[in-house]
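Residue-level listing of the chains:
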Amino acid sequence: MNENILVLEGVNKHFPLNSFRMRGKFVHAMDEVSFSLRKGEVLAIVGESGSGKTTTANVISRIYRQTAGRVAFEGRELSGSMSRKEELKHHKRVQMIFQDPFGALNPTRTVGGIMERPFIIHRIAKEKRSVQEMVDNILVQVGLEPPEQFTRKFPHELSGGQRQRVNIARAFSVEPDLILADEPTSMLDVSNRMSIMNMMLNLKERHGVSFIYITHDLAGARYMSDRIIVMYAGMIMEIGPAEEVINNSFHPYTRLLKSAAPSPETGLKRNPLTTGGDIPSLIDPPSGCRFHPRCPFVRESCSLEIPPMKKIGENHYARCIL
Amino acid sequence: MIQLERPEKTRLLQCKNLVAGYRIKSGFVHAVDDVSFDLDKGGFLGIAGESGCGKSTLAYAIMRLLKDNATIEGGSLLFKGIDLVGLSEEQMKKIRWVDISMAFQSAMNALNPVLSVGEQLTDVIHAHEEVTQSDARERAKEVLKLVDISTDRFNSYPHQLSGGMKQRVMIAMALILDPELIIMDEPTTALDVVVQRTIIEKIQELRKALGFSVIFITHDLSLLVEISDTLAIMYAGKIVEYGSSESLFNRPLHPYTRGLMNSFPSLTGKIKRMGGIEGKPPDLLKPPEGCRFHPRCPQVMTICRESCPVLERIDDRHSVACFLHRGAEIL
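Residues numbered from 1 in each chain as written. Chains lettered and ligands numbered in written order. Predicted model: local features only at pLDDT ≥ 70, side-chain atom pairs only at ≥ 80, totals over all residues. Heavy atoms only, no water.

Here we look at the sheet that holds strand β8 (residues 213–218) of chain B
Residue and element names in this part refer to chain B.
Okay, step 1: One open sheet accounts for eight strands, arranged β6-β7-β8-β3-β9-β10-β12-β11; its pairing is mixed. Pairing within the sheet leaves two strands with one partner each, and these edge strands are β6 (100–103) and β11 (312–315). The sheet shows a mean angle of 20° between the axes of neighbouring strands, taken without regard to direction.
Okay, step 2: Taken together, the four bridges between β6 and strand β7 (residues 181–185) define a ladder with parallel strand orientation. Note on β7: the bridge partner recorded for M102 is I183. (Pairing = 2+ DSSP bridges. Helix = DSSP H or I, 4+ residues; strand = E, 2+ residues; numbered from the N terminus. Axes fitted to C-alpha atoms, helices over the stretch in contact; angles between N-to-C directions.)

Given below as structure tokens:
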């Protein structure tokens, strides 16, 4: 259990801007992101839009190459170019589940056609008949029963929840080692969310994969994961065991997220938010701590240098000088 | 139909047995089917339900904005004693936006991309009142200040604003003629949690200051329970449970409401496996016989397949449409 499947060390991802006015500037989508993922662990990355959580997933899956830093998957460096064969192997081992269940499925293919592709691309099954068996098997696992009824259908004939089930089935079908799920439930109806989350947890157990769950919902992260990373404006603000991060949150941003989440129990007795404002521009991110312009506890030194990760408790770190 | 007995408050909107929907080739889609509720002056009514349950159709019906094949088939909408259903388009124009306004679901698409925020706001004033350009500009700037947008943004175009700011402009636009009722159709769904919270706080603050009533439509029950006084849970075109939010939260009675309450993991307390609701909402063209929830209901009984339960009063502040609770005194 203690073996790391994935290690990120000081990873930066900067996107160059090409317009005339902005030439020479960069969008700082990820800065100094370091974390590791143990085998079989569920790690949640929580943050608002623009916090760099999707970029992190895209770097791990080699959709983007990092600008600086080190990404190692099962001890192997993921930088520079790979041969086509190695690239294919990496994509088989690291699968993604995308946010938009409507955009992620080819509308001109039937579910059967969509589900066969990974088996053919990764040469998992030799014969047509065994492909079909495997497709049926995985469709049953995600609750699309009876499978022959679904394989003939086109994506537009399915509901949002069913489409997301197809996406999840496709990700699990090639027996990957790591699954990156990028807000898999945020576009689904509320009544579907829990069953999709439970299904992902069950499949994760059954297939023994490691899981990175990206979300903006702190409560959902707590439900799904063993550990939580809180990201803000491209940097990790806090990382630690799920219960620790939520019950003993240290960073003011984590506390802000916590106080903003709806909670019927507290009702109107809740305290008003301590801070407003938006995520800063990632083209010229604030100097020092990226959260300092919004932080209610800001001190002079916060704008001067980026605070280092500080140990708060066991396996619990926060990027704050307080 | 229950009446929340608070005689000191005056009733602003009374919706009675409203039926609205879409006429299509193969029949009539009952998007809003026999819906009744009351809204007091200054009240905050939350309507919760999944997509396709008819909540947006209900909002458009109240605004009389149903277009083309969508119609109100029956029932009444008494707004300060006037039945909105019977009004002509001319008469309705005098009420729409002046007395009842609306903040639409996606602020990104509801604002005109080629007009500045200021122009759009002054347009609203000019459409309803005879005022000079400078007066209109003053009013528009004032209302922008109300929603915490600096007046430098008066000449900005929508694409220059963040999602949260656009949504606040939408609210400013709904407020500009000082209406008595604002219908908000998922105003915060596309926003980040922190931005959502600031918008909600702003709405509550303005409501206290200006005294308008709100109908707030969303699928996020956890948010609604927290912010509204009265809650209506809609499923497949019908209100299945109705009452004070406190009572609904502490004692959800309808299996659908219970399922919804069980669909949001909590930040506090022990982590328990939650269920959600299996299955999907029915096709409103051919709704199931009997109770519309029965194919998904974990506590379905024989009677549920045969006849449809109506809203029945449990106590002063709570009513439910479910055979499990019919005639039963529930403590």
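Considering the confidence of the model for chain B
Okay, step 1: Across chain B, pLDDT averages 88, with 95% of residues at or above 70.
Okay, step 2: When mean pLDDT is taken per element in chain B, strand β3 (residues 44–48) of chain B scores highest with 95 and helix α3 (residues 107–110) of chain B scores lowest with 76. (pLDDT = per-residue confidence, 0-100.)

With respect to the packing of aromatic side chains
Okay, step 1: Per the stated rule, a full pass over the model turns up ten aromatic pairs over all chains.
Okay, step 2: Taking the centre distance of 5.3 Å and the plane angle of 65° together, the rings of A:Y253 and A:F291 count as edge-to-face. Of the two residues, A:Y253 is situated in helix α10 (residues 252–260) and A:F291 in the loop between α10 and β11 (310–313); the sequence distance between them amounts to 38 residues. Note on accessibility: A:Y253 and A:F291 belong to one class, buried.
Okay, step 3: For the pair B:Y256 and B:F293, a centre-to-centre distance of 5.2 Å together with 65° between the ring planes defines the contact as edge-to-face. Within this pair, whereas B:Y256 is found in helix α10 (residues 255–261), its partner B:F293 is found in the loop between α10 and α11 (302–306), the two being separated by 37 residues in sequence.
Okay, step 4: For B:Y256, a relative accessible area of 0% gives the class buried.
Okay, step 5: Ring pairs connect the aromatic residues A:Y232, A:Y253 and A:F291, which therefore count as one cluster. (Phe/Tyr/Trp six-rings, centres within 6.5 Å; stacked < 30°, edge-to-face > 60°. Buried < 20%, exposed > 50% of the residue type's maximum accessible area, 1.4 Å probe, protein only.)

Side note on the pattern of salt bridges
Okay, step 1: Summed over the entire model, instances satisfying the criterion amount to 34 salt bridges over all chains.
Okay, step 2: The partner of A:R227 in a salt bridge is A:E41, and the shortest N-O contact between them spans 2.6 Å. Remark: A:E41 occurs in the loop between β2 (26–38) and β3 (42–46) and A:R227 occurs in strand β9 (residues 227–232); sequence separation between them is 186 residues.
Okay, step 3: On the basis of relative accessible area, A:R227 is assigned to the buried category, the value being 10%.
Okay, step 4: By relative accessible area, A:E41 is classed as buried at 2%.
Okay, step 5: Across the salt bridge formed by B:K55 and B:E186, the nearest N and O atoms sit 3.5 Å from each other. Separated by 131 residues along the polypeptide, B:K55 in helix α1 (residues 55–62) and B:E186 in the loop between β7 and α7 (193–210) bring together distant segments of the chain.
Okay, step 6: Look at B:K55 and you get buried, because its relative accessible area is 6%. (Salt bridge = Lys/Arg side-chain N within 4 Å of Asp/Glu carboxyl O.)

Some details on the interface of chain A and chain B
Okay, step 1: Across the contact, 41 residues belong to chain A and 40 residues belong to chain B.
Okay, step 2: For the pair chain A and chain B, the summed buried area comes to about 3,400 Å², and 57% of that belongs to carbon and sulfur atoms.
Okay, step 3: Scanning the region where chain A abuts chain B turns up zero salt bridges.
Okay, step 4: At ten residues, the largest contribution of residues to the side of chain A that touches chain B is made by helix α7 (residues 190–207) of chain A.
Okay, step 5: Residue composition of the side of chain A that touches chain B, by class: 17 nonpolar, 14 polar and ten charged. (Contact = heavy atoms within 4.5 Å. Buried area = accessible area lost by both parts, 1.4 Å probe. Nonpolar A, V, L, I, M, F, W, Y, C, P; charged D, E, K, R; others polar.)

Thoughts on the pairing of β3(B)
Residue and element names in this part refer to chain B.
Okay, step 1: Of all the five residues making up β3, five are buried; the element is thus mostly covered by neighbouring parts of the structure.
Okay, step 2: Residues F44, G46 and A48 point to one face of β3 and L45 and I47 to the other, with burial holding for every one of them.
Okay, step 3: For β3 and β8, the ladder comprises five bridges, and the chain directions are parallel. When the bridges of β8 are listed, F44 appears paired with V214.
Okay, step 4: Taken together, the four bridges between β3 and strand β9 (residues 230–235) define a ladder with parallel strand orientation. Each bridged residue has a counterpart across the sheet, and for G46 the counterpart in β9 is L231.

Things to note about empty space enclosed by the protein
Empty space among the atoms can be located by rolling a probe the size of a water molecule over them.
Residues and elements named next belong to chain A.
Okay, step 1: For the coordinates displayed, the defined rule picks out three cavities of 30 Å³ or more.
Okay, step 2: For the second largest cavity, the calculated volume is near 90 Å³.
Okay, step 3: Lining the second largest cavity we find H251, P252, C289, F291, C295, F297, C302, P307, R319, C320, I321 and L322.
Okay, step 4: The residue inventory of the lining of the second largest cavity, partitioned by class, reads ten nonpolar, one polar and one charged. (1 Å grid on protein atoms, 1.4 Å probe; cavity = no way out; pocket = protein on both sides within 12 Å on 5 of 7 lines; lining within 4 Å. Points joined across faces, edges and corners; volume = space filled by probe spheres on them.)

Looking at the sheet that holds strand β12 (residues 316–318) of chain A
Residues and elements named next belong to chain A.
Okay, step 1: The strand order across the open sheet built from eight strands is β6-β7-β8-β3-β9-β10-β12-β11, with neighbouring strands paired in mixed fashion. The sheet is open, and its two borders are formed by β6 (94–97) and β11, each paired with just one other strand. The sheet shows a mean angle of 20° between the axes of neighbouring strands, direction not considered.
Okay, step 2: Relative to β12, strand β10 (residues 235–241) runs antiparallel, the two sharing two bridges. Residue I239 lies in a different strand from β12, and its bridge partner there is Y317.
Okay, step 3: Along the sheet face, helix α2 (residues 84–93) touches β6 and β7 (178–182) and points at about 55° away from the line of β6.

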